[in-house]
Every structure is written in structure tokens, then in C-alpha cells.
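Listed here are the chains, written in short residue letters.
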Amino acid sequence: MGVDFPTPKSLATYIQEEELPRRLALESALPVSDILRYGGMVGSEIHAYTSLPRCMDQARELIKQHSKQQQSLPSGTMLFAESLSGSKGRFQRVWHAPDGGLWCVLTVFNQWSKRVASLLPLVTGVAVCETVLANGVAARIKWVNDIHCAGLKLAGLLAETHVCRLSGEEYVLLGIGLNVNNRHFPSELQKTATSMTRQTDSGFDLATLALDLLAKLTWNIGLLTWLDEQDKPLAIFMDRYRSHCDSVGRRVRFGFDVQEAPQYEALVTGILDDGGLVLHHLQDDVEIVEHGGEMEYLPV
Amino acid sequence: MSQQDTINYDAVLSKFREDPFAYVDINAMHTGHIRFHVREGDKVEGLTGDFRHIKGTLLCELTRERNQKPIHCTTNGEVSFVNKVLDGQFVQAGEKIMTIRHPLKKREIIEQILRDVLVPFAAPEKAKYYFAMDIQNRIEKFGQRSVSVKAGDEVFTMSLMKRDTPVYYTGEAGIIHSVYFKPGQSMELGEPLVGVCPPEKVAVVEKIITRVKAEWE
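In this text, all values refer to a predicted model and were calculated from it rather than measured experimentally.

Before going further, it helps to spend a moment on the overall build of chain A. Each helix and strand counted, chain A has eight helices and 12 strands in total. Based on the C-alpha atoms only, the size of chain A along its principal axes is roughly 55 × 45 × 45 Å. Expressed as a percentage of the 300 residues in chain A, the buried residues total 45%. Considering only residue pairs separated by 6 or more positions, chain A has 66% of its internal contacts joining residues 24 or more positions apart.

Moving on to the domain arrangement of chain A. All names here are of chain A. By domain assignment, chain A separates into domain 1 (8-244) and domain 2 (251-297). If you average the C-alpha positions of domain 1 and of domain 2, the two centres end up 25 Å apart. The interface is formed by 13 residues belonging to domain 1 together with nine residues belonging to domain 2. Among the residues forming the side of domain 1 that touches domain 2, the class breakdown is eight nonpolar, two polar and three charged.

This paragraph deals with the interface of chain B and chain A. In this complex, chain B contributes 17 residues to the contact, which on the side of chain A involves 22 residues. Of all the secondary-structure elements, those providing two or more residues to the side of chain B that touches chain A are β10 (127-131), β12 (154-160) and β13 (163-168) of chain B. The leading source of residues in the side of chain B that touches chain A is β13(B), at four residues. In terms of residue class, the side of chain B that touches chain A is made up of seven nonpolar, five polar and five charged. Here strand β6 (residues 152-163) of chain A runs beside β13(B); their pairing, made up of two bridges, is parallel. Note that in β13(B) the partner of A:E160 across the bridge is B:D164.

Residues and elements named next belong to chain A. As summarised here, the arrangement of the five strands in space is β11-β10-β9-β8-β12, forming an open sheet in which the pairing is antiparallel. Edge positions in the open sheet fall to β11 (286-290) and β12 (294-297), since each of these has one partner strand only. Strand-to-strand twist across the sheet, computed as the mean angle between neighbouring axes with direction ignored, equals 45 degrees. Relative to β12, strand β8 (residues 251-255) runs antiparallel, the two sharing four bridges. For V252, the partnering residue across the bridge sits in β12 and is Y297.

As a further point, take the nonpolar core. In terms of nonpolar packing, the biggest core is built from 118 residues, with A:C55, A:L102, A:C104, A:V105, A:V128, A:A210 and A:L214 touching the most fellow members. The contact partners of A:V128, leaving out residues within four places of it in the chain, are A:I147, A:A155, A:L157, A:I176, A:L178 and A:L213. Among the nonpolar cores identified, the runner-up in size contains 14 residues, and B:L59, B:C73, B:V82 and B:M98 belong to it.

With that out of the way, let us pick up the sheet that holds strand β9 (residues 119-122) of chain B. Strand-to-strand pairing in sheets goes through backbone hydrogen bonds, with the strands running parallel or antiparallel. Residues and elements named next belong to chain B. Strands sit in the order β9-β16-β14-β11 across an open sheet of four strands; the sheet is antiparallel. Two strands in the sheet have a free side with no partner beyond their single neighbour: β9 and β11 (148-149). Direction of pairing for strand β14 (residues 174-179) relative to strand β16 (residues 192-197): antiparallel, over a ladder of four bridges. Bridge pairing links I176 to V196 in β16.

This next bit is on the environment of B:S14. Here B:S14 lies in helix α2 (residues 9-18). Residues B:S14 and B:E188 lie 174 residues apart in sequence; the distance between their C-alpha atoms is 32 Å.

A separate point is helix α3 (residues 106-114) of chain B. Residues and elements named next belong to chain B. Among the residues of α3, those classed as buried are I109, I110, I113 and L114. Buried positions in α3, seen along its axis, are confined to an arc of 135 degrees and lie on one side of it. Buried residues along α3 sit in contact with α2, β14, β16 and α5 (202-215).

What follows deals with the environment of B:H72. Residues and elements named next belong to chain B. With respect to the helices, strands and loops of the structure, H72 is situated in strand β5 (residues 67-72). Judged by local crowding, H72 falls into the partly exposed class, with 17 C-beta atoms found within 10 Å. Excluding residues within four positions of it along the chain, H72 makes contact with K55, G56, T57, L58 and L59.

Turning to the environment of A:I46, a few remarks are in order. Residue and element names in this part refer to chain A. The residue I46 is located in strand β1 (residues 46-52) in this model. C-beta crowding within 10 Å serves as the criterion here: with 21 such atoms nearby, I46 is assigned to the buried category. Once the C-alpha coordinates of I46 and S113 are considered, the two residues, 67 residues apart in sequence, prove to be 26 Å apart. The residues contacting I46, other than those within four sequence positions of it, are F5, P6, T7, P8 and M78.

All names here are of chain B. Bridge analysis of strand β3 (residues 43-44) against strand β6 (residues 77-82) gives two bridges, and the strand direction is antiparallel. Its bridge partner lying in β6, K43 is registered against E78. Sheet topology places β6 next to strand β8 (residues 96-103); four bridges connect them, and they run antiparallel. The residue bridging V82 from the neighbouring strand is M98, located in β8.

All names here are of chain B. Two numbers describe how α3 lies on α5: the axes approach to 10 Å, and their chain directions differ by 150 degrees. Between α3 and α5, the crossing angle belongs to the class labelled roughly antiparallel. Helix-helix and strand crossings are classified by hand; for α3 and α5 the assignment is right-handed. Between α3, through K106, I109, I110, I113 and L114, and α5, the contact on the second element is made entirely by V205, I208, I209 and V212.

What follows covers the pairing of β10(B). Residue and element names in this part refer to chain B. Most of β10 is tucked away, with five of its five residues classed as buried. Side chains A127, Y129 and F131 of β10 all project onto a buried face; the interleaved residues K128 and Y130 project onto the opposite face, where all are buried too. Inspection of the sheet shows β10 paired to strand β15 (residues 186-187) by two bridges, in the antiparallel sense. Looking at β15, one finds that A127 is bridged to M187. Relative to β12, β10 runs antiparallel, the two being bridged by four bridges. Its bridge partner being in β12, F131 is matched across the sheet by F156.

Rules behind the numbers
- Residues numbered from 1 in each chain as written.
- Chains lettered and ligands numbered in written order.
- Predicted model: local features only at pLDDT ≥ 70, side-chain atom pairs only at ≥ 80, totals over all residues.
- Helix = DSSP H or I, 4+ residues; strand = E, 2+ residues; numbered from the N terminus.
- Buried ≥ 20, exposed ≤ 12 C-beta atoms within 10 Å, placed from the backbone.
- Contact = placed C-beta atoms within 7 Å.
- Domains from an automatic or database assignment.
- Nonpolar A, V, L, I, M, F, W, Y, C, P; charged D, E, K, R; others polar.
- Pairing = 2+ DSSP bridges.
- Axes fitted to C-alpha atoms, helices over the stretch in contact; angles between N-to-C directions.
- Core = buried A, V, L, I, M, F, W, Y, C linked by C-beta atoms within 7 Å.
- Arc of directions from axis to C-beta.
- Parallel < 35°, antiparallel > 145°, perpendicular 65-115°, else oblique.
- Left-handed = near helix turned anticlockwise from the far one by under 90°.

Next up, the structure:
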């Protein structure tokens, strides 16, 4: 094992010594300690692997194994792998995951109300964006949760519900693939992908970055859980999301699977508090609100 | 007695010949003050556009706590009834406010008749749907009406805010006879996604379709 991935203990120390003071300085209007406690399940167990075919499949396998033993995989279990041999994105798209990147999946019980659970993919996006920004790379979010830098894809995120057929327990698997120190991409990704090291010409300590990502996930999942439990307006989270997202004002091509079947071109005019994307359809001159699908930015 | 014997085709078709319309009631989705934008006899349009993205005719607006909620028509036709006394008044959630008379096409008449025979499977949430990979592969290989499903099968993937959730079939076993959605199209909560035909009813379904196609101009 080349990377010294975090442990639950090192994460707890990092949150106490780094994340808590940082959030207290930034988020004085919010109950910072409470929110971090609400997110405390993140990293309850941390599994690290030298190599896996896919982190998502391994998470499903762990859930199944626990279930066979009449147990539950603890909510917040995080899986890291140094490389993936069979990684893929949505719609079976190519994803290249060699040594040097951060490849992981967070496994959480679906404990939230519907209005809040639908924002989990956005929460992951904010956590990854904050992690990258804190390490000096100017990342932005393209709705829903693509992390890009100067138009090139820096991270790809997946969110899948998994219902264990044995126990009936419902988990949400939040997959994260962040290009960090990996410089080289296969030819089909050369023009669309980038990495933190390509953007800055410097290397990053993967273990520290993993710790930082876990801390940001703890905060953001904690914030969403606190909003849910306290029945607070979702705008508190969405204002933070909107501050990282550069989609509003962009001309886009929209589609459910935009690469294979683009549907229409539109201007993004807003993002609602439920995460919905507000678009102005350019050809039909009507407003549309989308809660699913994806888009490509068109040249200005 | 078989299903085939219980359907009186002549009576059913005669009913549609006499009144070839569907009557769609519009109800208040929440409480509020209502202001009508249409009158009885007005022609109205439903959702249009390739992805049903263009809203239909504005029927009325509900105002609650200074928030205006427009109610648009979801089907084309004519306003056949307006509960006029409600105009400007406070209405309760679920109260009937008007009725749209929608002229049925041949395809819709078949669907209406089949509704009594097929087992509908409804969208569990407002989201976009597509067939689960295994089902999609079987549809591509053997054709939609050769694909059977039973309770517990993963039939759809529901996609909401880029989160994919498997949807498991819960109804009576049968073949996927009718598909009411396009992959990636946004479906409302409760809208039927597919109509499943139990094996013993396949023959009666085919007979209905043949009969309507042959006899309906």
C-alpha cells in the first residue's frame, strides 16, 4: 500500500484541529460544532485497497457480506482504492483511474427526507469543490455535480441508491473520482479531462487530500442533516452550492444523456432551492425546470 | 368465466362512439385564492414539444401567502365545466375547479379499454426513468412484448438529480405490453410507466386492439 489513507481516529483529530476552527471562522451564523456532529458518521469505517475493479461494486459487496452475517455496514463507511481497473462513469462512459488519483465511495444509509435526499449529489459536489479549492486549484461546479477547471473535467461523481436484497436496507453510494497527481489520460479523454497536478504543476499528498475530503463531506452532509432535522430552509445549503456553481448565465446543450442524445439548447437562468435547474429554451422561447439530466457548456 | 367472455365489445365500442371524449377533472393542488383564466367553451392546449416541455394553456392561478401557483392544462380539448362561484374565492386542496373535455384518438380509445385489462405500474416519484439494463437488453433483442416481468424484478432506473435508483416491479406477473414513457422524459408521481399484461389476458388484449383498429375511423 503506497498511500497512507486516513483512519477514523486521524479523521476525528483532523476535524477537531483543522476543520472546526476553519468553519468557526467562516460560518459564524451556524452552529458549527452541532453540524459537524450531525455529519459525524462520515468515515465511521475506512477501508483502503491497493486496487479494485470498481469502488461502487466493492461497497455493494461489503453491504451484502454484512447482511449475510445479520449486520449492517455502518453508515458513513468510506472505501478508498489507489487504482481502479474497471472504472466507468454514468451510461458506461470511460473513466480512467490509475495510481495518483483519489478514487473512493462513501456509503450512507438513506436517513433523510425526500426533499433533502435529492440534494445528496449536490452535497458531494460542494465537498469535492471545497477540497480542490482549499488546495489551490480554481474548480467550479457544473450542475448537477461535475467538477471542472477551465472547462476541463477534474472530478466525476456518481450517486446510486442500493437496496440490499437480503436486509432491505437502503443505502446511497456516493462515488468520487478526483484526478490529482495523474497526468496522463487515454486519447479519448485528452481534450476533456485534467488533473490538479496538470493545473498547478505541483504534486499533492493524497493522504492529506483524502483527510480534507472526508472533513468537507462531514461538514456538508452534517449541514444537510441539520437542515433536515431542524426543518430549516434548503437555501442555507443551496446558497453555498450556487456560490461554487458557474452554470447560471451559460448557454448549454441539455439532454438526459447529452453525449448520445442531446435534446435542446438553452440558457441557464437559475438554480432553485430544491436543486432544479431553470433553463430558457432558446428555440421554443419557454422556461423549463429540470431535476435530472446533464448539460454541456456551449462556447460563448 | 374468462376475461374474454366478460368484455362486451359492442357495448364498449358503442359507448365510445356515442361519447368519444375523456373528461379530465382539474382539482386545486393546495389551498388558496383562485382566479380563472378560461371560460366554458374555450379551446385549450396540453403539454407540447418533443419532451413535453412547453406548458399548456394557463387555466387558473392559485395564490397562497402571496405565492402564485399557475395551473396549466395537461391535455388538449375544450373547457366543459368551470366552477364559476369559486372565482376569487378561497378553495380547499383537492376541490374540483373545472373539467376539460378531451377528444379521444383511436390509440387513446385502445388505451382506455386496455386500462381495465392491463396492470399499470406507476412512477413512484416525479423523476426521469429508463429501463434497467437487463430489461433494455431483452427489449432490444426480443421486442417489448416478449419481455416478462414479475414482482421483485428490477425494471426501471429512476434518475433524480443525477442519482440513479433501481425501481422494482410490484404488480402481477406478465409481459410489458404498453410503454407510456420515453427514456429521459420527466414523469409525474403516479403517472403510469408501463402496462403489464398477465399471460392469460394476452389474447383478449390482441382482440381489443384488432377490433378497435378495424372498426374505428
